[in-house]
Amino acid sequence: MNKVAQLTSFPVLLLCLLLSSSTWCQGWERIYFTEPNPDSEYTSSAADHVFAQDDGSFLFACHINGNPRWLYTDANGMMTNLTSANYTGPFLIRTNDQNFVHAARTGANSPPEQDVFVRKFDLDGNILWTHFPPGNLFGNEAVSDLLQTADGDYVITGAPAYMTRLNENGDVAWKTVLPDPEEDNIYQYLAVQLEDGSFFTAASSAWFTTNNPLMTHAAHIDAAGNRLWFGSLEADVQIEQMVVAADGNIVVAGRNPDYNFVLVKLDNNGNTIWEIEIPNAIYPLAYTGDLLVTMDGGFALLANSQGTEEDLYLIKMDSEGSIEWSQTYGGPFRDNGQDLLQLPDGGYVIGGGANGMGENQSTYLIRTDELGNAASGLIQGQVQYDTDENCVLNPDEQALENWIVSAENSTGLFYASVAADGSYAIEVTPGEYTVTLNVPNEYWTVCTNEVQVSAMDTVAVDFAVQSIEQCPLMEVQIQNYGIRLCEPATMNVLCRNLGTSLAEDVSVDIEFDNDLEIISASVPFSPVGINTYNFTLGDIDFLQQSTFTVEVVTGCDIVLLGQSLCVEAHIFPDSSCLAPNDLWSGASIAASASCEGDEVHLVLENIGESAMQQELRYTVIEDHVIMLEDVPFGPLEPGQSVLLPRVADGTFYRIESEQAAFHPGTSMPSAFIEACGENAAGEISLGFVNQHPLDDADYFLDINCTEVVAAYDPNAKRALPQGYEAAHYIEPNTRITYQLHFQNTGTAPANEVILLDQLSPHLDPTKVEVGVSSHFYEFDMLRDGTLRFTFSDIQLPDSTANEPESHGYVQFSVAQQDDVELGTVIENTAAIYFDFNPAIWTNTTFHTIGRDFILVEADEIAASPLQVQIFPNPFQEEVTILVERTDLESLNFLLFDSSGRKILSKSFSGNRLQIDGTAWPAGIYFYQINSAQGLIGSGKMIAK
């Protein structure tokens, strides 16, 4: 994204556009990551040089994974080819005959007379000539600059201080050695050719301090190599760039002794004509990338900042060095610009490198218009609650903060979140777009949505939103930083009204795990059951929220380590004013699990007002395997239940059930129990609770289960559900909740904390819901869907001064893209910035999308036990499955591999089935046998 440098907004991470070519536009930005081409060499790369082609396309000299490459693009920056190159390092020029010359050092083992070589080659890599200009007496020469003269010769400069001229065939015409009284602290000599054919060269201190002042040496040399003048510059400047101005004088850019960047104009005797300081408060520059003379006689400086953001700056100055305009490019992850080119239409092309979250540096290309705009289209507008229902927005109508707006066309999908004042803005490349407001729930509708616009410049798209029903919709979220033995923990509770009218007498019931003891709360509370308390909040208006905290403490028994302590919050009012589906029976299934002496009781109950109209099915998971799958139960009358007793042996048990068809809301009945009893070895099963989704998808309910730990990771990312086993399997379309945890481990308070989270492309930014946190934050979504959480003035103490208060966190949830392909891995990493310090990276969470991934074991069957014979078992080739009874209909055999993936489904012929297992790899397999009456058997098979 490009922006005016004076703006204080944080830069956005750039969208990777590796799509088909779009229509021509004035500006674009391109980053070449590995996706969607993971086998291509795009990472660990940057563009070193930019060359314009005659047909309007571009050629970029890049280094990619340490290898020189030519990157070809069309006029829109879309890659058309990627080929090998001889060399793409710093000293490379395109010659007048459209070939290339580069100069470099040969290496430390070369003879002194061959410290430097110059090579000419064509675009196909054919070497036209290579020469080794003779070196100085003591050798160790290096190259610091390379240019082609007006008459086609070549000039190189370097250290120790020298200038060498070669003819067009690479032969040495002359060499001049420059006096260098401070050789050990003189930087590389740069050179330019003046209008009369002479040369001006200058170099400055590589470093300087109070006791080692900045020094600069320069020389004026005629076309034959004779020194006309040598001495120090009048201006003190550590030179990084040098050009010949339109009036024939010399302009240099670099640092002055105060470490501020300056532009200095000199005559050919080194006298200062003018000096302009670039204000560091506006342009926090660290180093320059390029300087060129523009077509209007002014200057364009490409420079780079360092620190938290590391942006690219393009600063346009007039012929006197006064700044006319500036633009900033780049995301929050150390982007840089290396080369700058002005095009005949006045626009600019920049080549450099970009660092995406979790990525190595990738090639970064920018094309701008004559004012430096890369994305010269802007879609902006207001999003408000149209309370008078006339589909026209009024200034006093409620803003719909944090709603997501998207703009889509053939080049990509761009995003913005709605600010507190109802405004949003999306920078786009000019073109035709569909602009959509993403409505978060069924209580709202948009007067006009999916608006078609032509964003060639700035276009306004306002969204007037109306209510479908007038009633509150309450949501609760409860979270904590972590739970440690014997220590207090703070539960943060977020309560908000997502509906369209005032919610009166809001309260929250919270049931705490028996191993958690409540100490205090920031709002009034009273007991309403066993370790269950009611917290009163009063009224909450629509689109408003309220937060409170609860202090709890856990015991000191070491056996609690690793156990998941759960709290369940239920907010009232919890009713919906949307009419239920006419096809709903009125039945409602609820699951529960309890520890009853030496038994675990898994219960499914109809808590609705009507009977079930048809059977439903349940599944029982024990630790990491399915012991019962798709077992039918019911129909149940209201209040009627099914009890499944299990042995209390420390096993983790989970029961899942279907919900009654057309049931309102998003309930998916499930319950679990951990640490009920222990096995023969005195052990309990841990770590399974959060592998699965919890039954809290309805807004009014939230369940939080936190594992007791001995110590926290200070800056970490967590994902729920964690997913099954080491691959972290979850099913397609499962919503993921992320928690970003941070801690100030420095030595001083942090004034501001910023979290940046670039979502996986397999997640849908339009379905992001931001949630509970430890501190107040501001949220916004950047152009590419990156999330930014800003904790301004947080004053977070450092851990040495106040360890308990040095922590913080924020939580959000996001839906997957629709029907993500099985086997897809969804990764996510966040960057944490404390004030102006470099980013701290969290761990990378990941999930693998799959189905039928939970292992299946044999267990007691709901129907009458049947004898199933499998022979031979173990097997090598053909295997036979025989079911004892012959009166069962529609027998079907399902086979799963050791990871739980279904690999075979086959129908029986009668009660016998024969399968060819020749091609199966050796290992353990799991089977199920189903009939029209339901599951009748399951177990293991072994292939040799």
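Notes on the structure in this doc start here.

1. Observations regarding the overall build of the chain
Then, number 1: Check the secondary structure of the chain and you find 0 helices and 75 strands.
Then, number 2: Relative to its full complement of 944 residues, the chain shows a buried share of 56%.
Then, number 3: Within the chain, residue pairs in contact and separated by at least 24 positions form 61% of the contacts whose partners lie at least 6 positions apart.
Then, number 4: For the chain, the accessible area works out to roughly 38900 Å², and carbon and sulfur atoms hold 47% of it.

2. Considerations on the pattern of salt bridges
Then, number 1: Under the counting rule described, the total for this entry stands at 18 salt bridges.
Then, number 2: The salt bridge partner of Glu622 is Arg646, with a shortest N-O separation of 2.6 Å. Here Glu622, found in strand E50 (residues 616-622), pairs with Arg646, found in strand E52 (residues 641-647); they are 24 residues apart in sequence, far enough to count as distant.
Then, number 3: Take Arg646: its relative accessible area is 7%, and that puts it in the buried class.
Then, number 4: Its salt-bridge partner being Asp764, residue Lys767 comes within 3.8 Å of it at the nearest N-O pair.
Then, number 5: Residue classification places Lys767 among the partly exposed residues on the basis of a relative accessible area of 39%.
Then, number 6: Each of the salt bridges in this network shares a partner with another, and the network as a whole consists of Asp151, Asp153 and Arg165.

3. Notes on the packing of aromatic side chains
Then, number 1: This model, assessed by the stated rule, comprises 34 aromatic pairs.
Then, number 2: With centroids separated by 6.0 Å and ring planes inclined at 55°, the aromatic side chains of Tyr618 and Phe633 adopt a geometry described as tilted. Taken together, the residues span a long stretch of sequence, with Tyr618 in strand E50 and Phe633 in strand E51 (residues 625-633) at a distance of 15 residues. Of the two residues, Tyr618 and Phe633, neither departs from the other in class, the shared state being buried.
Then, number 3: A ring pair is formed by Phe779 and Phe789, whose centres lie 5.4 Å apart and whose planes are at 45°; its orientation type is tilted. A residue pair is termed long-range when its members are at least 10 positions apart, and Phe779 in strand E61 (residues 778-781) and Phe789 in strand E62 (residues 787-791) qualify at 10 residues. For the pair formed by Phe779 and Phe789, the shared burial category is buried.
Then, number 4: In this structure an aromatic cluster arises from ring pairing among Tyr738, Phe742, Tyr777, Phe779, Phe789, Phe791, Phe812 and Phe834.
Then, number 5: Positioned over the ring face of Tyr162 is Lys175, at 4.7 Å from the centre of the ring.
Then, number 6: The lysine or arginine in question, Arg227, covers the ring of Phe230, its NZ or CZ lying 6.0 Å from the ring centre.

4. Here's the deal with a negative patch on the surface
Then, number 1: Residues Asp236, Asp258, Glu275 and Glu277 make up a contiguous surface patch of negative charge.
Then, number 2: Residue position: Asp258 is located in the loop between strand E20 (250-255) and strand E21 (261-266).

5. Re the sheet that holds strand E69 (residues 868-871)
Then, number 1: Judged by pairing direction, the sheet is antiparallel, and its 3 strands sit side by side in the order E69-E70-E73 without closing on themselves. Of all strands in the sheet, those bounded by a partner on one side alone are E69 and strand E73 (912-916). Pairs of neighbouring strands in the sheet enclose a mean axial angle of 15°, with direction left out of account.
Then, number 2: Where strand E70 (residues 878-883) and E73 come together, 5 bridges link them in antiparallel fashion. In the sheet register, Thr880 faces E73, and the bridge partner there is Gln914.

6. Structural notes on the nonpolar core
Then, number 1: If you look at the biggest cluster of nonpolar residues, it comprises 32 residues, and the most contacted ones within it are Val753, Phe789 and Phe812.
Then, number 2: Those elements giving two or more residues to this core turn out to be strand E58 (736-743), strand E59 (753-757), E61, E62, strand E63 (807-814) and strand E65 (830-834).
Then, number 3: Not counting chain neighbours up to four residues away, the residues in contact with Val753 comprise Phe742, Phe789, Thr790, Phe791, Ile794, Leu796, Ile832, Tyr833 and Phe834.

7. Focus on the state of the cysteines
Then, number 1: Enumeration according to the criterion identifies 5 disulfides in this entry.
Then, number 2: Cys486 shares a disulfide with Cys556; S-S distance 1.9 Å. Residue Cys486 is found in the loop between strand E40 (483-484) and strand E41 (488-497), and its partner Cys556 is found in the loop between strand E46 (545-554) and strand E47 (564-572); the two are separated by 70 residues along the sequence.
Then, number 3: Two residues, Cys566 and Cys705, share a disulfide whose sulfurs are 2.1 Å apart. Between Cys566 and Cys705 the disulfide shows an S-S torsion of about 110°. By sign, it is right-handed. With Cys566 in strand E47 and Cys705 in strand E55 (residues 701-709), this pair connects stretches of sequence that are 139 residues apart.
Then, number 4: Accessibility expressed as a relative area gives 15% for Cys566, which makes it buried.
Then, number 5: Residue Cys705 is classed as buried on the basis of its relative accessible area of 6%.
Then, number 6: Along the chain, the cysteines engaged in disulfide bonds are linked according to the scheme 1-2, 3-7, 4-5, 6-10, 8-9 when indexed in sequence order.

8. Topic: the pairing of E62
Then, number 1: For E62, the tally of buried residues reaches 5 of 5 residues, placing the bulk of the element in the interior.
Then, number 2: Of the two faces of E62, both are covered, the one formed by Leu787, Phe789 and Phe791 as well as the one formed by Arg788 and Thr790.
Then, number 3: Of the strand pairs in this sheet, E61 and E62 are connected by 4 bridges, and their pairing is antiparallel. Paired with Phe779 across the two strands is Phe789, which belongs to E62.
Then, number 4: The hairpin turn running from E61 into E62, its antiparallel successor, is 5 residues long, and Gly785 in that turn takes a positive phi close to 95°.

9. Side note on the environment of Met491
Then, number 1: Summarising the element assignment, Met491 is placed in strand E41.
Then, number 2: Residue classification places Met491 among the buried positions, given a relative accessible area of 1%.
Then, number 3: Among residues more than four places away in sequence, those in contact with Met491 are Ile478, Gln479, Asn480, Ile483, Leu516, Phe548, Thr549, Val550, Val552 and Val567.

10. Observations concerning the pairing of strand E10 (residues 127-131)
Then, number 1: For strand E9 (residues 116-121) and E10, the ladder comprises 4 bridges, and the chain directions are antiparallel. Each bridged residue has a counterpart across the sheet, and for Val118 the counterpart in E10 is His131.
Then, number 2: From the end of E9 to the start of E10, which pair antiparallel, there are 5 residues, and Gly125 there has a positive phi angle of about 95°.

11. Concerning the side chain of Ser806
Then, number 1: Note on placement: Ser806 falls in the loop between E62 and E63.
Then, number 2: Ser806 sits in the buried class, given a relative accessible area of 0%.
Then, number 3: Within the structure, Ser806 has its side chain in polar contact with the side chain of Gln743 (distance 3.0 Å).
Then, number 4: Not counting residues within four places of it along the chain, the set of residues in contact with Ser806 comprises Phe742, Gln743, Asn744, Leu796, Pro797, Asp798 and Ser799.

12. Quick look at the environment of Tyr415
Then, number 1: As for its position among the elements, Tyr415 is in strand E32 (residues 412-417).
Then, number 2: Exposure remark for Tyr415: the relative accessible area of 6% places this residue in the buried category.
Then, number 3: For Tyr415 and Val435, which are 20 residues apart along the polypeptide, the C-alpha to C-alpha distance reads 9.6 Å.
Then, number 4: Here Tyr415 is in contact with Ile404, Val405, Ser406, Ile426, Pro765, Thr766, Met781, Leu782, Arg783, Asp784 and Gly785, once residues within four sequence places are set aside.

13. What about the sheet that holds strand E48 (residues 589-596)?
Then, number 1: The 3 strands are arranged E48-E49-E52 in an open sheet whose pairing can be described as antiparallel. Both outer strands of the open sheet, E48 and E52, are each paired with one neighbouring strand and no more. When the angles between neighbouring strand axes are averaged without regard to direction, this sheet yields 15°.

14. Considerations on unusual backbone geometry
Then, number 1: A cis geometry characterises the amide bond from Ala159 onward to Pro160, with omega recorded as -10°.
Then, number 2: With an omega of -5°, the peptide bond between Leu720 and Pro721 qualifies as cis.
Then, number 3: Turning to its location among the elements, Pro721 is positioned in the loop between strand E56 (716-720) and strand E57 (729-730).
Then, number 4: Non-glycine residue Asp505 carries a positive phi angle of around 50°.
Then, number 5: When you line up the elements, Asp505 lands in strand E42 (residues 503-512).
Then, number 6: Notably, Gln795 is not glycine yet its phi reads approximately 50°, a positive angle.
Then, number 7: Under the relative-accessibility criterion, Gln795 is labelled partly exposed at 40%.

About the cut-offs
- Residues numbered from 1 in each chain as written.
- Predicted model: local features only at pLDDT ≥ 70, side-chain atom pairs only at ≥ 80, totals over all residues.
- Heavy atoms only, no water.
- Helix = DSSP H or I, 4+ residues; strand = E, 2+ residues; numbered from the N terminus.
- Buried < 20%, exposed > 50% of the residue type's maximum accessible area, 1.4 Å probe, protein only.
- Contact = heavy atoms within 4.5 Å.
- Areas by Shrake-Rupley, 256 points an atom, 1.4 Å probe, with all protein chains shown as cover.
- Salt bridge = Lys/Arg side-chain N within 4 Å of Asp/Glu carboxyl O.
- Phe/Tyr/Trp six-rings, centres within 6.5 Å; stacked < 30°, edge-to-face > 60°.
- Lys NZ or Arg CZ within 6 Å of the ring centre and 35° of its normal.
- Patch = residues over 30% accessible without salt bridge, like charges linked within 9 Å, V, L, I, M, F, W, Y side chains within 5 Å.
- Lys, Arg positive; Asp, Glu negative; His and termini not counted.
- Charge placed at Lys NZ, Arg CZ, Asp CG, Glu CD.
- Pairing = 2+ DSSP bridges.
- Axes fitted to C-alpha atoms, helices over the stretch in contact; angles between N-to-C directions.
- Core = buried A, V, L, I, M, F, W, Y, C linked by side-chain atoms within 4.5 Å.
- Disulfide = S-S within 2.5 Å.
- Polar contact = N/O pair within 3.5 Å; in protein donor to acceptor, adjacent residues only side chain to side chain.

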